[in-house]
Amino acid sequence: MAVAILVMAVFFVNTLLNKNPLFNTYSYMLASTFIISACVYYLFEIFRFANSPNLLKESAFWICTALLFMYVSGFMLLSTANLLENASIEVIRNLKIILKIINYLFYILLCMAFSCRYIFKS
């Protein structure tokens, strides 16, 4: 874990010192890989035990699912962002729409995570 934090710190300093206006795809892909692997490990640990809690009422499960969905969905789109520098307006507009949909679904999952602990009286 310390190695991962050190590598991320080096990429962060490189991003700050870099005067290139392009999106830094390498640091995004590295951070996405760390987040995706942590989420997969968490889900693996939950499903490995037979006496796991009710996942519909577990907010950590929903947060992990939201992060996993967000970073897996955006990984392929944003990892090639520098290649799309000279793309047409139509392609850029379609990618923005896709990213907005991913963002909306991410926040819906987060809302489910923060509201699953509340007991609603009927």
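See the structure shown above.
None of the values given here were measured: they were computed from a predicted structure. (Residues numbered from 1 in each chain as written. Predicted model: local features only at pLDDT ≥ 70, side-chain atom pairs only at ≥ 80, totals over all residues. Heavy atoms only, no water.)

### Side note on the overall build of the protein chain
Scanning the protein chain from terminus to terminus reveals four helices and zero strands. Traced from its N-terminal end to its C-terminal end, the protein chain shows the element sequence α-α-α-α. Residue pairs at least 24 apart in sequence account for 68% of intrachain contacts in the protein chain once pairs closer than 6 positions are excluded. Accessible area of the protein chain: about 9200 Å², with a carbon and sulfur share of 72%. (Helix = DSSP H or I, 4+ residues; strand = E, 2+ residues; numbered from the N terminus. Contact = heavy atoms within 4.5 Å. Areas by Shrake-Rupley, 256 points an atom, 1.4 Å probe, with all protein chains shown as cover.)

### Things to note about a nonpolar patch on the surface
Taken together, the side chains of Ile 97, Ile 101, Leu 105, Ile 108 and Met 112 define a hydrophobic patch exposed on the protein surface, amounting to about 420 Å² of accessible area. One can find Ile 97 in helix H4 (residues 89-115). (Patch = residues over 30% accessible without salt bridge, like charges linked within 9 Å, V, L, I, M, F, W, Y side chains within 5 Å. Salt bridge = Lys/Arg side-chain N within 4 Å of Asp/Glu carboxyl O.)

### Topic: helix H2 (residues 25-48)
The α-helix winds at 3.6 residues per turn, so residues separated by three or four positions along the chain end up facing the same way. An ideal rise of 1.5 Å per residue puts 34 Å on 24 residues; H2 measures up with 34 Å between its terminal C-alpha atoms. Regarding H2, the residues found buried are Thr 25, Ser 27, Tyr 28, Leu 30, Ser 32, Ile 36, Cys 39, Leu 43, Glu 45 and Ile 46. (Expected span 1.5 Å × (residues − 1). Buried < 20%, exposed > 50% of the residue type's maximum accessible area, 1.4 Å probe, protein only.)

### Describing the packing of helix H3 (residues 59-79) against H4
Taken N-terminus to C-terminus, the directions of H3 and H4 make an angle of 170 degrees; their axes are 7 Å apart at the nearest point. Between H3 and H4, the angle is such that the two are roughly antiparallel. Residues Ser 59, Trp 62, Ile 63, Thr 65, Ala 66, Leu 67, Phe 69, Met 70, Ser 73, Gly 74, Leu 77 and Leu 78 of H3 form the contact with H4, whose own contacting residues are Leu 95, Ile 98, Leu 99, Ile 102, Asn 103, Leu 105, Phe 106, Leu 109, Leu 110, Met 112, Ala 113 and Phe 114. (Axes fitted to C-alpha atoms, helices over the stretch in contact; angles between N-to-C directions. Parallel < 35°, antiparallel > 145°, perpendicular 65-115°, else oblique.)

### Thoughts on the nonpolar core
Counting residues in hydrophobic clusters, the biggest one holds 15 residues, and the most contacted among them are Leu 43, Phe 61, Trp 62, Ala 66 and Leu 68. If you list the elements that add at least two residues to this core, you get H2, H3 and H4. Looking at this core element by element, the count peaks at five residues for H3. With residues near it in sequence (within four places) discarded, Trp 62 still touches Leu 55, Leu 56, Leu 109, Met 112, Ala 113 and Cys 116. (Core = buried A, V, L, I, M, F, W, Y, C linked by side-chain atoms within 4.5 Å.)

### Quick look at the packing of aromatic side chains
Per the counting criterion, the structure on display carries two aromatic pairs. Their ring planes at 70 degrees and their centres at 5.5 Å tell us that Phe 61 and Trp 62 sit as a pair that is edge-to-face. Their ring planes at 65 degrees and their centres at 5.2 Å tell us that Phe 106 and Tyr 107 sit as a pair that is edge-to-face. With a relative accessible area of 46%, Tyr 107 lands in the partly exposed category. (Phe/Tyr/Trp six-rings, centres within 6.5 Å; stacked < 30°, edge-to-face > 60°.)

### Focus on the side chain of Glu 45
By the secondary structure assignment, Glu 45 is in helix H2. Among the polar contacts made by the side chain of Glu 45, one reaches the side chain of Arg 48 at a distance of 3.1 Å. (Polar contact = N/O pair within 3.5 Å; in protein donor to acceptor, adjacent residues only side chain to side chain.)

### Some remarks on H3
The end-to-end C-alpha distance of H3 is 29 Å, a good match for the 30 Å that 21 residues give at a rise of 1.5 Å each. Those residues of H3 that sit buried are Ser 59, Phe 61, Trp 62, Cys 64, Ala 66, Leu 68, Gly 74 and Ser 79. As for H3, its buried residues are in contact with H2 and H4.

### Topic: the side chain of Ser 59
By the secondary structure assignment, Ser 59 is in helix H3. Since its relative accessible area comes to 17%, Ser 59 is described here as buried. Setting aside residues up to four positions removed in sequence, Ser 59 forms contacts with Ala 113, Cys 116 and Arg 117.

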